[in-house]
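Structure at a glance
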Amino acid sequence: METEIQSTPLGQNVGIKTLFTSLRETLDHHYDRKERIVKQSRDITGLSKKLIFLAHRATQKSLKSILEEAETKKKEILELFQKVSCELEGMNYHKYHKNISPAIQEFIEAISFLEYLEHNRLIPKDKVELNFKDQSGNQYLQVSVEDYVLGISDLTGELMRYAINCVGKGDHDRALQVCRFLRGLKSDYDLLRVSGSSLLGRKLEGIKTNLAKVEDACYALTIRGSEYPKEFYQHIVSEHARNYGDNMDVDE
């Protein structure tokens, strides 16, 4: 008995092939775009970390020279942000937000640290967004509330290191000033109701730890500092840092 073989019309074959070709091109375009954004994000994150490292030298050099050098580095970072912004237009911002988010947060951490060093205050979200405007005043990149909150939470780690360095330099008043600022930040973050297992929940634990380290260092200097000559301050602070198991770079 002969079996009848039904063939697919030629036009239908061509239509299916065209469909799969279109899907392949769309996926290739998606992964290429994602790869470019991830690379730019890593480059920006690396430069922002260097900016933070520069800011920590404020305990060694004049703040004016630090800020001037920082401005040059900021321009380099913002050029990369503007370059990648064309990949994030429209719905692509939400589609690829998680890929650029780490870079935005790291940049916020860096500029908020510089803002504190210069003005002793928290940088507001609208001032952060001013960095992402072109010469015509057009906003080429948005800053989400989530990125702002997470970036500022990371600032507390830099302020902790800065305060410890100030204690090591014998600048107790500056360390106490940082301590009060961190207490205010912690109070604000305590108003948030988030899951402890979430990213922000883990950041909140970090804020508590950073504040505790600064409070303990200030306490150590206030109570124990009078027992030692000034040149032993550095030893006291280094001992305190080791007790927390923190590989902290304390200025000599």
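Read on for an overview of the structure. These figures come from a predicted structure and were not determined experimentally.

About the criteria used
Residues numbered from 1 in each chain as written. Predicted model: local features only at pLDDT ≥ 70, side-chain atom pairs only at ≥ 80, totals over all residues. Heavy atoms only, no water. Core = buried A, V, L, I, M, F, W, Y, C linked by side-chain atoms within 4.5 Å. Buried < 20%, exposed > 50% of the residue type's maximum accessible area, 1.4 Å probe, protein only. Helix = DSSP H or I, 4+ residues; strand = E, 2+ residues; numbered from the N terminus. Domains from an automatic or database assignment. Contact = heavy atoms within 4.5 Å. Axes fitted to C-alpha atoms, helices over the stretch in contact; angles between N-to-C directions. Parallel < 35°, antiparallel > 145°, perpendicular 65-115°, else oblique. Left-handed = near helix turned anticlockwise from the far one by under 90°.

What follows is about the nonpolar core. In this structure, F81 and F132 are the most contacted members of the largest nonpolar core, which totals 63 residues. Within the residue set of this core, elements represented by two or more residues are α1 (10-56), α2 (63-85), α4 (97-119), α6 (145-168), α7 (172-189) and α8 (199-224). When residues of this core are assigned to their parent elements, the largest contribution, 12 residues, is made by α6. Counting contributing residues per domain, this core is built from domain 1 (33-143) and domain 2 (154-228), each supplying no fewer than three. The contacts of F132, once residues within four sequence positions are left out, are L78, F81, F107, N138, Q139, Y140, L141 and V143.

By secondary structure assignment, the location of Q40 is in helix α1. According to the relative accessible area criterion, Q40 is buried, its value standing at 11%. When sequence neighbours within four positions are dropped, the list of residues in contact with Q40 reads L80, K83 and V84.

Running from N to C, α6 and α7 cross one another at 160°; their axes reach a closest spacing of 9 Å. With respect to their mutual orientation, α6 and α7 come out roughly antiparallel. Viewed along their axes, α6 and α7 form a crossing whose handedness is left-handed. On α7, the residues touching V149, I152, S153, T156, L159, Y162, A163, C166 and V167 of α6 are R174, A175, V178, F181, L182, L185 and Y189.

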